[in-house]
Amino acid sequence: MNYSRAVYNLSQYSVKKNAVEFSGVNGKIKAEVFREGVYSIDFQFDSYPVPNSSQEISEIFFSSELKKESEMKEPSFSKIIESDKEYHLYQGANEFVFRKDTGLLSIFQDKQLVHGGQIGTNDTVIPHYPLRIVGKYGNDMLARFNFKLDDDDRFYGLGDKTGSLNRRGRFFRMYNRDSLGYQASISDPLYKSVPFFIKHNPEKHIYTGILFPVPVVKSIDLGKESPYYFSAEIVGGPYSYIVITGTSAWEILDKYTWLTGRPTLPPLYTFGFLGSSMNYTEPDKAAELVSRYFDNIEKYNIPCEGFYFSSGYVKADNGERYTFMWNKKKFPDPEGAIRKYCKRGYHIACNIKPGFLITHPLYKELDEKGYFLKDKDGNSIREYYWGNDASFIDFNNPDALSWWKKMLTDKIFAYGISGVWNDNNELELEDLSLPVQKIRSGYPVRMARAAWEASKEFYPQKRPWVISRSGGIGLQKYARTWTGDNVSDWESMKYNILMGMGLGLSGIPYYGHDIGGFYGEKPDTKQFIRWCQTAVFQPRFVIHSWNEDGNPTEIWSYPESIDVLRELVEIHYEFMPYIYNTAIEASLSGLPMERPLSLMFPESKNIKQDSVHYMFGEDILVLSAVNMNQDSITVSLPEGTRWKDSDSQEMYNGGQSITIEYPYRGVRYLVREGSILFTSPGCRKLDTGFFKKLRISILPLKNHVFSRVYREDNGEDTFSTGSYNQYKITVDYRDTIGEISIIKEKSTLKSANLTREVELILPDNYEYVLTDALTPDLAAYNKLKLINIPDTLNLGFRLKEE
């Protein structure tokens, strides 16, 4: 090989605050501490310097609080030891060992190898340098990282990748693509490429996160090329990666979202049922069709929070779509129409595209002002886009960014519109020589940030509602998402569940799928019911379609099953306190809302990696029927706990496989023993998170103490600064008589006179122990009714006597 393309023979080092920099032949290797368990490894080549612009592009990937927190805590390596062949660095429970001859890094956590190490043996003809420059790619250098691969390593994350939840044995291209009608089992790439993954070795109980926070990651190979190593290809630098160590997948995600930004909590109503279809805004009578949609919602008594406007509202008479230019034939009075929808109690989000066709009425003006992305000669880039050539807004240009935010204000928010739906923002540029290739991965994130900031400026007291189809590192700071233009078939239904969990393991917890499928033939009744059953426990319940016959897929498209489908929406609303609390938890820690059983219960050997059954939050095991003519499901129950069937009330021991019927009605799920569920029976509108009726259902676990946190707010305020309550509910069942305690931990609620019906429910075979504070008037054996959640409460319970 050309040895100028690797950094090796490390001979000296220097310490700079929280970093150690090793000098060797051809360059340097720098190890930096962000906090305990979060480390940057950066290779700097003498012959291949990285321009400052590449470093600046990468800033969008990180949390805005990162630098401030790091400077405040000043983490560093506690000790450095040099031997003849190695350098040893120590930080917390982690030891870093750099080989002098090759620069190879091994990281040990509590003396166990968790990252790196020698690949193969000295006799194996495979890479022995951790990073090599392997050639040119376009105008830049192409570098390749190689890392040791163990037999039992599993990989999770990378964005909305198709197929198996475990990415082991696959090769992924890491750029974003408009993927209409993708095959959910194999297509690659799709809309969101996140060069972050969790490596889990269940046999060794190892969890490691790897992030490549660089502008261009060309590909990631997780063992397809070789059983000895996995690899990543980087274009143009920085030639760096970040290692995250921890003891669980959830700790890795907590540190990852600390690093790249906590998920922004969307408004409560965005977790409800919303409508959408291209078939509403494409025709000339679009305003009437949207009104008719809400008429049907009310006619069939279906809970609903609003509607996603597809781009037909800006489709001109020539068939081309002009961003921000409302078609006045379809909407003669856009603001008036929107205000009417809002007055009826609905929220609207509008589809926005960053590409401006060359026939757009504003194209010439924007081109002359320099608001579009440029080629190397300074001319606006043109690329085919939605039926014509187009140029794309440059969100790195401060003037273009200000103009964009003003247009969002004047043409969207000022009309009463709540949400911005960023679409077709993958920035597909085929010319590899374009300098702006380096901003592709961050482009949808910058676009999302622009919408988020514009919303905050217009609605300063409200949480922004931003939706983005495309994304990368840091998208979660500004937007929620969905899995794009899926197909109306059984395969998509199944693999969309796995894709969603993959997004959650990529630090993006707020997602969903086009229920019923976006593209293809309209699903038959049984398939559509199954689609809607999967949506009950999802962060997004939206039926979205594009049907060539002009008739959108809707609940009332199946008149014989309207009651069944309405009930599924109602169940979704009934569980909204639980769903919303799971969402709040995600915003605080990066914890996914949908959690794979294999990572939730890693000690359970009977759990399949690609199970479509999963945990929603801490306590509900969601069961999924995703195959044609499937009338029952088989699930392997995690070991170490018992599970209660929500339908039959039967208790099942963990560690076994059970088969239960799954009718085309209702939703099947199991509840873990030692759980607390929050529901709101009869809930039909999400105008506040202070639910008018709150039911707290406890499933005791003998000889254990467990607790849950319940948070509530008005559904729109910034949660950390707005009006909210936080309660901790603890169940101590170590004695014959158990104890339930409630304590209000935090409160900024300005209105102290919050009155609503609260029920505290135990299973039928339990009863409360009556005391002076708990009279028979207040308790009916296992049910306690209150007019609010008390600031403090302690009460006993026991098994009923036979």
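Structure's up top.
Treat the numbers as computed from the prediction; the structure is a model and nothing was measured.

*Asks:* Describe the overall build of the protein, with residues and values.
*Replies:* Counting secondary structure elements, the protein contains 14 helices and 46 strands. Taking 2.2 N^0.38 as the reference for a compact globule, 802 residues should give roughly 28 Å; the C-alpha atoms of the protein span a radius of gyration of 27 Å, in line with that estimate. Within the protein, the fraction of its 802 residues that count as buried is 63%. A separation of at least 24 residues holds for 68% of the contacts in the protein among residues at least 6 apart in sequence. On the protein, roughly 30,200 Å² of surface is accessible, and the fraction owed to carbon and sulfur atoms is 47%. With 95 positive and 104 negative side-chain charges, the protein shows a spacing of 2 Å between the two charge centroids.

*Asks:* Can you explain empty space enclosed by the protein? Please cite residues and give values.
*Replies:* Per the stated rule, a full pass over the model turns up 7 cavities of 30 Å³ or more. Taken as a whole, the largest cavity holds about 80 Å³ of empty space. Along the walls of the largest cavity sit Leu-113, Val-114, His-115, Gly-116, Lys-148, Asp-150, Asp-153, Lys-199, Asn-201, Ile-206 and Phe-230, which together make up its complete lining. Elements represented by at least two residues in the lining of the largest cavity include exactly β9 (112-116) and β14 (193-201). Tallying contributions element by element places β9 first for the lining of the largest cavity, with 4 residues. Within the lining of the largest cavity, the residues separate by chemical class into 4 nonpolar, 3 polar and 4 charged.

*Asks:* Describe the nonpolar core, naming the residues involved and giving the relevant values.
*Replies:* Ranked by internal contacts, the top residues of the largest apolar core, which has 204 residues, are Phe-273, Phe-309 and Trp-404. With 8 residues, helix α10 (residues 490-504) is the largest single contributor of residues to this core. In terms of nonpolar packing, the next biggest core, distinct from the first, is built from 45 residues, Val-7, Ile-41, Phe-45 and Leu-89 among them.

*Asks:* Report on the pairing of strand β5 (residues 79-82), specifying residues and quantitative values.
*Replies:* Two elements, β5 and strand β6 (residues 86-91), share 4 bridges in a ladder whose sense is antiparallel. Across the sheet, residue Glu-82 finds its bridge partner in β6, namely Tyr-87. In textbook terms, the turn of a hairpin is the stretch between consecutive antiparallel strands, and for β5 and β6 this stretch comprises 3 residues.

*Asks:* Give me the lowdown on the environment of Ile-555, citing residues and values where you can.
*Replies:* Inspection of the secondary structure puts Ile-555 in the loop between β28 (541-543) and α12 (562-574). For the pair Ile-555 and Ile-529, spaced 26 residues apart in sequence, the C-alpha to C-alpha distance is 9.4 Å. Beyond its immediate stretch of four places on either side in the chain, Ile-555 contacts Phe-273, Ile-302, Phe-528, Ile-543, Ile-562, Leu-565 and Val-569.

*Asks:* Describe the sheet that holds strand β36 (residues 669-672), naming the residues involved and giving the relevant values.
*Replies:* Taking strand neighbours across the sheet as the criterion, the 6 strands line up as β29-β30-β31-β36-β33-β34 in an open arrangement whose pairing is antiparallel. The strands lining the two open edges of the sheet, one partner per strand, are β29 (594-596) and β34 (651-653). On average, each strand axis in the sheet is tilted by 35 degrees relative to the strand beside it, whichever way the strands run. The pairing of strand β33 (residues 642-645) with β36 spans 3 bridges and is antiparallel. Within the sheet, the bridge partner assigned to Lys-644 lies in β36 and is Val-671. In this fold α10 packs onto β29 and β30 (614-616), with an angle of close to 95 degrees to the strand it touches most, β29. Helix α13 (residues 576-589) rests against β29, β30 and β31 (620-622) of the sheet, and its axis sits at about 95 degrees to β30.

*Asks:* Summarise the side chain of Ser-40; cite the residues concerned and give the values.
*Replies:* Tracing the backbone through its elements, the reader meets Ser-40 in strand β4 (residues 38-45). With residues near it in sequence (within four places) discarded, Ser-40 still touches Lys-30, Ala-31, Glu-32, Phe-34, Tyr-241 and Ile-242.

*Asks:* Got a sec to walk through the sheet that holds strand β11 (residues 140-148)? Specific residues and values, please.
*Replies:* Backbone-to-backbone hydrogen bonds join strands into a sheet, with any given pair of strands oriented parallel or antiparallel. A sheet is described by the order of its strands in space; here 5 strands give the open sequence β10-β11-β17-β16-β13, paired in antiparallel fashion. For this open sheet the edge positions go to β10 (131-137) and β13 (171-173), each flanked by a neighbour on one side alone. Strand after strand, the sheet turns through a mean of 20 degrees between neighbouring axes, direction not considered. Where β11 meets strand β17 (residues 229-235), 7 bridges bridge the pair, whose relative direction is antiparallel. What sits directly across from Asn-146, in β17, is Ser-231.

*Asks:* Describe a nonpolar patch on the surface, and please don't skip the residues or the numbers.
*Replies:* Residues Leu-180, Tyr-519 and Trp-546 make up a contiguous nonpolar surface patch of roughly 270 Å² in combined accessible area. Residue Trp-546 is classed as partly exposed on the basis of its relative accessible area, which comes to 33%.

*Asks:* An account of the packing of α10 against helix α11 (residues 525-535) is requested, with residue identities and associated values reported.
*Replies:* Between α10 and α11, the shortest axis-to-axis distance is 11 Å and the interhelical angle comes to 10 degrees. Here α10 lies roughly parallel to α11, going by the angle between them. Touching Trp-490, Ser-492, Met-493, Asn-496 and Ile-497 of α10 are Lys-526, Gln-527, Arg-530, Trp-531 and Thr-534, all from α11.

*Asks:* Any details on the pattern of salt bridges? Residues and values, ideally.
*Replies:* Tallied over the full model, the rule gives 53 salt bridges. Put simply, Arg-177 and Glu-430 hold a salt bridge, and the shortest N to O gap is 3.2 Å. Remark: Glu-430 occurs in the loop between β25 (419-422) and α9 (443-458) and Arg-177 occurs in the loop between β13 and β14; sequence separation between them is 253 residues. Judged by relative accessible area, which is 26%, Arg-177 ranks as partly exposed. Put simply, Glu-365 and Lys-369 hold a salt bridge, and the shortest N to O gap is 3.0 Å. Taken together, the residues Glu-365 and Lys-369, both in helix α7 (residues 363-369) and 4 residues apart, mark about one turn of the helix. When its relative accessible area of 35% is taken as the criterion, Glu-365 is described as partly exposed. Connected through shared salt-bridge partners, Asp-178, Lys-353, Asp-423, Glu-426, Arg-469 and Asp-485 make up one network.

*Asks:* I'd love a proper account of the pairing of strand β1 (residues 8-16), names of residues and values included.
*Replies:* Pairing of β1 with strand β2 (residues 19-25) involves 6 bridges; the strand directions are antiparallel. The residue of β2 that forms the bridge with Gln-12 is Ser-23. Taking the residues that link successive antiparallel strands as the turn, the β1-β2 hairpin has 2 residues, and the phi of Lys-17 there is positive, at about 50 degrees.

*Asks:* So what's going on with the packing of helix α8 (residues 398-411) against α9? Which residues, and what values?
*Replies:* Describing two packed helices takes the angle between their axes plus the distance from one axis to the other. One way to put it is that α8 packs onto α9 with a least axis distance of 9 Å and a crossing angle of 55 degrees. In terms of axis orientation, α8 runs oblique to α9. As α8 packs across α9, the resulting crossing turns out to be right-handed. Here Leu-401, Trp-404, Lys-405, Leu-408 and Thr-409 of α8 come into contact with α9, specifically with Met-447, Ala-450, Ala-451, Glu-453, Ala-454, Glu-457 and Phe-458. Taken together, the residues of the contact of α8 with α9 sort by class into 8 nonpolar, 1 polar and 3 charged.

*Asks:* Describe the packing of aromatic side chains, and please don't skip the residues or the numbers.
*Replies:* Counting across every chain of the model gives 73 aromatic pairs. Aromatic pair Tyr-371 and Trp-403: ring centres 6.3 Å apart, planes at 45 degrees, arrangement tilted. Here Tyr-371 is found in the loop between α7 and β23 (383-385), whereas its partner Trp-403 is found in helix α8, with 32 residues between them in sequence. Both residues of the pair, Tyr-371 and Trp-403, belong to the buried class.

*Asks:* Explain the state of the cysteines to me, using residue names and the numbers behind them.
*Replies:* Counted by the stated rule, this structure contains 0 disulfides. Just so you know, Cys-350 is unpaired, no disulfide at all, and the nearest cysteine sulfur is the one on Cys-342, 10 Å from it. Cysteine Cys-532 is unpaired, with the sulfur of Cys-304 as its nearest cysteine sulfur at 13 Å. Cys-532 sits in the buried class, given a relative accessible area of 1%.

*Asks:* So, the environment of Phe-294: which residues are in play, and what are the values?
*Replies:* For Phe-294, the position within the fold is in helix α5 (residues 286-299). Placed 137 residues apart in sequence, Phe-294 and Asp-431 show a C-alpha to C-alpha distance of 45 Å. Apart from residues lying up to four places away in sequence, Phe-294 is in contact with Gly-306, Phe-307, Tyr-341, Arg-344, Tyr-346 and Ile-348.

*Asks:* Any details on the environment of Ala-586? Residues and values, ideally.
*Replies:* Relative to the assigned elements, Ala-586 resides in helix α13. Beyond its immediate chain neighbours, meaning those up to four positions away, Ala-586 contacts Pro-263, Pro-509, Tyr-510, Leu-591 and Met-593.

Conventions used here
Residues numbered from 1 in each chain as written. Predicted model: local features only at pLDDT ≥ 70, side-chain atom pairs only at ≥ 80, totals over all residues. Heavy atoms only, no water. Helix = DSSP H or I, 4+ residues; strand = E, 2+ residues; numbered from the N terminus. Rg over C-alpha atoms; globule rule 2.2 N^0.38 Å. Buried < 20%, exposed > 50% of the residue type's maximum accessible area, 1.4 Å probe, protein only. Contact = heavy atoms within 4.5 Å. Areas by Shrake-Rupley, 256 points an atom, 1.4 Å probe, with all protein chains shown as cover. Lys, Arg positive; Asp, Glu negative; His and termini not counted. Charge placed at Lys NZ, Arg CZ, Asp CG, Glu CD. 1 Å grid on protein atoms, 1.4 Å probe; cavity = no way out; pocket = protein on both sides within 12 Å on 5 of 7 lines; lining within 4 Å. Points joined across faces, edges and corners; volume = space filled by probe spheres on them. Nonpolar A, V, L, I, M, F, W, Y, C, P; charged D, E, K, R; others polar. Core = buried A, V, L, I, M, F, W, Y, C linked by side-chain atoms within 4.5 Å. Pairing = 2+ DSSP bridges. Axes fitted to C-alpha atoms, helices over the stretch in contact; angles between N-to-C directions. Patch = residues over 30% accessible without salt bridge, like charges linked within 9 Å, V, L, I, M, F, W, Y side chains within 5 Å. Salt bridge = Lys/Arg side-chain N within 4 Å of Asp/Glu carboxyl O. Parallel < 35°, antiparallel > 145°, perpendicular 65-115°, else oblique. Left-handed = near helix turned anticlockwise from the far one by under 90°. Phe/Tyr/Trp six-rings, centres within 6.5 Å; stacked < 30°, edge-to-face > 60°. Disulfide = S-S within 2.5 Å.

Keep in mind these numbers describe shape, not what the thing actually does.
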